[in-house]
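Here are the chains, one letter per residue:
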Amino acid sequence: MSSLTMRRLIVWVVSMGLGFLIAAVFVTMILPWMGPHGGNAISIQKYGVQYFFWTGFPIGLLILTWLDYFLNSRILPD
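The following refers to the structure shown. (Residues numbered from 1 in each chain as written. Predicted model: local features only at pLDDT ≥ 70, side-chain atom pairs only at ≥ 80, totals over all residues. Heavy atoms only, no water.)

Under the 1.5 Å per step criterion, the end-to-end length of helix H3 (residues 49–71) is 31 Å for 23 residues, consistent within 8% with the ideal 33 Å. Buried residues in H3 make contact with helix H1 (3–34) and helix H2 (44–47). Immediately downstream of H3, the backbone of Asn72 shows phi near 55°, a positive value. (Helix = DSSP H or I, 4+ residues; strand = E, 2+ residues; numbered from the N terminus. Expected span 1.5 Å × (residues − 1). Contact = heavy atoms within 4.5 Å.)

Pasting the structure below:
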C-alpha cells in the first residue's frame, strides 16, 4: 500500500475511534450530570444504539477534518 493510503486509513480509524470514545464519555458521564436523572449513569443501550451512532459519527467527522488537514491525507478536497 502507498503512504497516502496508509495515512488515510490511520485518519479514518483514529478519528472514528476518538469520535465514539468521546460520545461514550458524553453519554455515560456528561448527560446524566446535566439531566434529570440525578447523576445516575445511563448505559449506551438505554440511550439507544442508533442515537449513540448518530452522536459519535459526526464527532468523528469533525476530528477527521482536522486530522486530514494536519496529516495531509487529502481525503477532503482542497
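Now, onward.
The next point concerns the side chain of Ser15. With respect to the helices, strands and loops of the structure, Ser15 is situated in helix H1. A polar contact is formed between the side chain of Ser15 and the backbone oxygen of Trp12, at a distance of 3.2 Å. When near neighbours in sequence (up to four residues on either side) are disregarded, Ser15 contacts Gly60, Ile63, Leu64 and Leu67. (Polar contact = N/O pair within 3.5 Å; in protein donor to acceptor, adjacent residues only side chain to side chain.)

Mapped onto the elements of the fold, Ser73 is located in the segment after H3. Classification of Ser73 by relative accessible area gives buried; the value is 0%. Within the structure, Ser73 has its side chain in polar contact with the side chain of Asp68 (distance 2.6 Å). If we skip the residues at most four places from it in the chain, Ser73 touches Leu4, Arg7, Arg8, Val11 and Asp68. (Buried < 20%, exposed > 50% of the residue type's maximum accessible area, 1.4 Å probe, protein only.)

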